[in-house]
Amino acid sequence: MDQRYGSRGSRPKGQQGRKDEPGEIVDISDESFWEMTRGTAGGNSSNELAGEGGGDGIDAFPEDIELAITSVSLLKRPKFRYRISFGSYSLEVHEDVMIKYRMIKGAVFTKSELEEIVFADERQQAYADALHYLSRKPRTAYEITMRLGEKGWGEETAAEVVRRLTEDGLVNDAAYAQEWAGQRVRGRGKGKLWVRHELRQKGVPKPLIEEALQTVSEDDEFESAMELAAKKWRTSTGEPADRKRKTGSFLMRRGYSGSLVSRVIRELGREDGFSDEEEWEND
C-alpha cells in the first residue's frame, strides 16, 4: 500500500492542521444550511476536482479511541470539498467520499477507518486527474500511469485508477493500438515499423501491438507508401539510380520495410519507363 499518511510522499497536500482563513469555509452541520441551499446545489463532475486535499494530519489523530464528528464545513475552494472536524482534529475530503462514508455530525470513526477514508479520497482525486488528462484525447494505461506519477500519486493509487478506468471502458489499449495503427499508416504516411516503435513508447503490450498491425492490410501500407514516394520521386533530381536512392531512403526513414520499399521503387520506375536493371538497394 502507498505510504499515504503523514509524510507519505504520494502527493503534497499541506491543507490540514492550518488555521482557517476568514470566509474560507461554511459550516454545514446545522440543518439551516441545508434548508437554505436545498435545490441550488449543482451537479458534481469528478474532473472538476482540484488537485489538493486533506490527509496530512491523519498521523496526529489519536489511536484506539472513537472520534466523533463535531462539524462538517464546505470549503469555498476547491469545489466539492469539505472539512470534517473531530474537535481539534480535522481532515478534508471530496463530497462523494463524505456521502459514501456518511460523514455527518455525530458520526463516530476510528483512526484506522479514517485512514481508509483518506486513501479513498486520494483515489477520487487521482481519478479526477486522469479524467482531465483523458478529456483531451485517448491515452494508454501506461501514459495515464506516468501522468499520475508526475502529478505525485503513488503506484498503488495509479494502478487502482487505471483499473477503474479500464472497467469503465475509458481505457482500452487494444482498441487504442488498432485505431492508432490505422490512422498513422493510412492518414499520416507512416510504415508499420514506425508505428510499432510509437506504440512501444506508449507502453502498449507487444501482443496488442502485433494484433493492431495485423488489422492494417499490406495493400493499405503499400498505397500509403506509394503516395509518399510519388511526391518524393517527382521532386528528386539526377540519374534514375539517384532518384531511386533518394526516394527509397525517404521511405525507410518513414518506417516502411525494405521489401515494401523495393516494391514501390520498381512500380515508380515502370511508370516512368525505367528498366529494373538497376535495382534500388538498402545500404
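Residues numbered from 1 in each chain as written. Predicted model: local features only at pLDDT ≥ 70, side-chain atom pairs only at ≥ 80, totals over all residues. Heavy atoms only, no water.

Let us now look at the overall build of the protein. Within the protein, the secondary structure is distributed over eleven helices and six strands. The burial tally for the protein puts 45% of its 283 residues in the buried class. If you take every contact in the protein between residues at least 6 apart in sequence, the share linking residues at least 24 apart comes to 68%. Of the roughly 15400 Å² of accessible surface on the protein, a fraction of 47% belongs to carbon and sulfur atoms. (Helix = DSSP H or I, 4+ residues; strand = E, 2+ residues; numbered from the N terminus. Buried < 20%, exposed > 50% of the residue type's maximum accessible area, 1.4 Å probe, protein only. Contact = heavy atoms within 4.5 Å. Areas by Shrake-Rupley, 256 points an atom, 1.4 Å probe, with all protein chains shown as cover.)

Overall, the coordinates contain twelve salt bridges when judged by the stated rule. Among the ionic pairs, Arg184 bridges to Glu198, the shortest N-O distance being 2.6 Å. Of this pair, Arg184 sits in helix H6 (residues 173–188) while Glu198 is found in helix H7 (residues 192–201), placing the two residues 14 residues apart along the sequence. Taking relative accessible area as the criterion, Glu198 reaches 10% and is therefore assigned buried. One salt-bridge network, held together by shared partners, links Glu160, Arg163 and Glu167. (Salt bridge = Lys/Arg side-chain N within 4 Å of Asp/Glu carboxyl O.)

Bringing the packing of aromatic side chains into the picture now. For the structure shown, the criterion picks out four aromatic pairs. Here Phe86 and Phe109 contribute two aromatic rings whose centre-to-centre distance is 6.5 Å and whose plane-to-plane angle is 85 degrees, an arrangement assigned as edge-to-face. In this pair, Phe86 sits in strand S4 (residues 81–86) while Phe109 sits in strand S6 (residues 108–109), placing the two residues 23 residues apart along the sequence. Like Phe86, the residue Phe109 is buried in the burial classification. (Phe/Tyr/Trp six-rings, centres within 6.5 Å; stacked < 30°, edge-to-face > 60°.)

This part covers H7. Among all positions in H7, only Lys192, Val195, Glu198 and Leu199 are buried. Looking down the long axis of H7, one finds its buried residues gathered within 120 degrees of arc, a one-sided arrangement. The outward face of H7, more than 90 degrees from its buried face, is lined by the exposed residues Arg200 and Gln201. At its buried positions, H7 is contacted by H6, helix H8 (206–214) and helix H9 (218–235). Just downstream of H7, Gly203 is the residue with a positive phi angle, here 80 degrees. (Arc of directions from axis to C-beta.)

Our focus in this paragraph is the nonpolar core. Core analysis: the largest hydrophobic core is formed by 18 residues, its most contacted members being Ile84, Phe86, Leu91, Met103 and Leu114. At the level of secondary structure, the elements contributing two or more residues to this core comprise S4, strand S5 (89–94), helix H2 (95–100) and helix H3 (111–134). When sequence neighbours within four positions are dropped, the list of residues in contact with Ile84 reads Ile69, Ser71, Val72, Tyr89, Ser90, Leu91, Val93, Met98 and Met103. (Core = buried A, V, L, I, M, F, W, Y, C linked by side-chain atoms within 4.5 Å.)

Time to look at the pairing of S5. Burial within S5 is extensive, with five of its six residues counted as buried. Where S4 and S5 come together, six bridges link them in antiparallel fashion. Bridge pairing in S5 places Ser85 opposite Ser90. Between S4 and S5, which pair antiparallel in sequence order, lie two residues; one of them, Gly87, sits at a positive phi of approximately 70 degrees. (Pairing = 2+ DSSP bridges.)

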